[in-house]
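# Chain and residue survey
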Amino acid sequence: MIRLSPLSTDFAAAKRFFFQGSTNEYSYGSSSSCKKSRTSTSGTIFGSAFSPARSGKTYLVACTSNGLICVWDSICISAEPIIRVQASTADKVLYDVQFIASSGETLLVVSGDPGILVYKWSAFLNAIDDLIDGNIVLEPIAKFKPHPSPQVMAFGEPVEINCTSYSALDNMLYGVAGDSFGCYQWDLESEKLVGTFGGGAKNRCNGDYLHHVMSVPNNNNLVLTAGEDGAITFWNGKERKLIETINVQDTMNKNKESVSWQIQNKGFGSTHQWSNGSNLWVSCMDRKGDWLAAVGGSESGNNVSLRSGPNTAGFMATWHLPTRTFNSGCVTRESYNAIAYNQNLDSFVSGGNDGQLTFWDSATGECTGRSGCTPSLIYTLSCSAAPSMMVA
């Protein structure tokens, strides 16, 4: 985690804290019924989010590769989480965590191998108020599971939900998966599956696998999906109809005058383009108002001089969302797994396989700085305006 002063650009001098799992396990019923035991909780954090403020206080929530939901106090920093919830068995991975507001209630939405699990955030706060420190048992108020896709089940693996997004406009919950159904749409109130879109005959277990979904508020039910096919697809969420598909590789090649390329460690150059053998994927998206930013990676045996390894490279690109017009792009030596908009810095921040945070001007898309980070691989980025923090 990195703590930054508002509008600070001194990334290297920012104070860092390290969060880790704990080995204390508790069962939550009430403060008088907690019993302590020992277990290991080491794992990889794939998703994180800051909670809404309560009396000026926020919490950091993260989900892990061994089915844990971990909560830290974002003000009183400690290495170990203050509470942990074993949301699924240890062999089930959790990939994404989101906070949403529905019917006057703050909900914590977690997704992964178990599908989507919805919790009342107030249940977590009650455990914190009861001074319970350790693992607690909380049951979700709702569960959403994808179809048992035969293309994926044939491999003996669960159909995971990689990312979720909520539309307050119509109380719909979207989740994207690595199966032939693509993006799922559930009615949050009735808990019924409304429909699916974005799948098809070519969407198989390791084919056009969807990584990210984004519902754009107050934009006529606009929903964006992105994944292994290297495209950002725009949908009418209400009707589940295709609006437009943007192929990132083709777009950057057609607009190479607006694309810069990272040359080893010597900064950024130009006049290059993706080779025909490159296979791009889009891993994450975020937005600031009308500006959309996306990051991802590629697999290719060409352009080796641009990369630290023979088969990988990454990119960051921006578009004007209402017109879907390409704004800028940058190709880097390592693939990116996450991007988030930092309000205090007015910058997009990306992270990936190089263990670095890269900062981008939100208007021009130009790289404005880089900072080292504790983890060597970054899978998630979260930003908090108050206190001014970033978590990687």
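Refer to the structure above for everything that follows.
The following refers to the structure shown. (Residues numbered from 1 in each chain as written. Predicted model: local features only at pLDDT ≥ 70, side-chain atom pairs only at ≥ 80, totals over all residues. Heavy atoms only, no water.)

### Here we look at unusual backbone geometry
Keep this limit in mind: Helix and strand labels come from DSSP, where a helix needs a run of H or I of at least four residues and a strand needs a run of E of at least two; each type is numbered from the N terminus. The buried label applies to any residue whose accessible area, calculated with a 1.4 Å probe on protein chains only, is under 20% of its type's maximum; exposed applies above 50%, and partly exposed to all values in between.
Here asparagine 171, not a glycine, exhibits a phi torsion of approximately 60°, which is positive. Relative to the assigned elements, asparagine 171 resides in the loop between β14 (161–167) and β15 (172–177). Judged by its relative accessible area of 15%, asparagine 171 is buried. Residue arginine 324 is not a glycine yet carries a positive backbone phi of 55°. Topologically, arginine 324 is positioned in the loop between β26 (313–320) and β27 (325–332). On the basis of relative accessibility, which here comes to 26%, the residue arginine 324 falls in the partly exposed class.

### Quick word on the nonpolar core
Rules: For our purposes a nonpolar core is just a set of buried Ala, Val, Leu, Ile, Met, Phe, Trp, Tyr and Cys residues, chained together by side-chain atoms within 4.5 Å. We call two residues contacting when some pair of their heavy atoms lies within 4.5 Å.
Of all hydrophobic cores here, the largest spans 24 residues; its most connected members are Val61, Ile69, Val71, Leu108, Tyr119, Trp121 and Phe124. Looking at this core, the elements with two or more residues in it are β6 (59–64), β7 (68–73), β8 (83–86), β9 (94–102), β10 (105–112), β11 (115–120) and α1 (121–129). Considering each element in turn, this core owes the most residues, five residues, to α1. Once residues within four sequence positions are removed from consideration, tryptophan 121 is found in contact with Ser51, Tyr59, Val61, Val71, Phe99, Thr106, Leu107 and Leu108. In terms of nonpolar packing, the next biggest core, distinct from the first, is built from 23 residues, Val216, Phe234, Ile246 and Ala294 among them.

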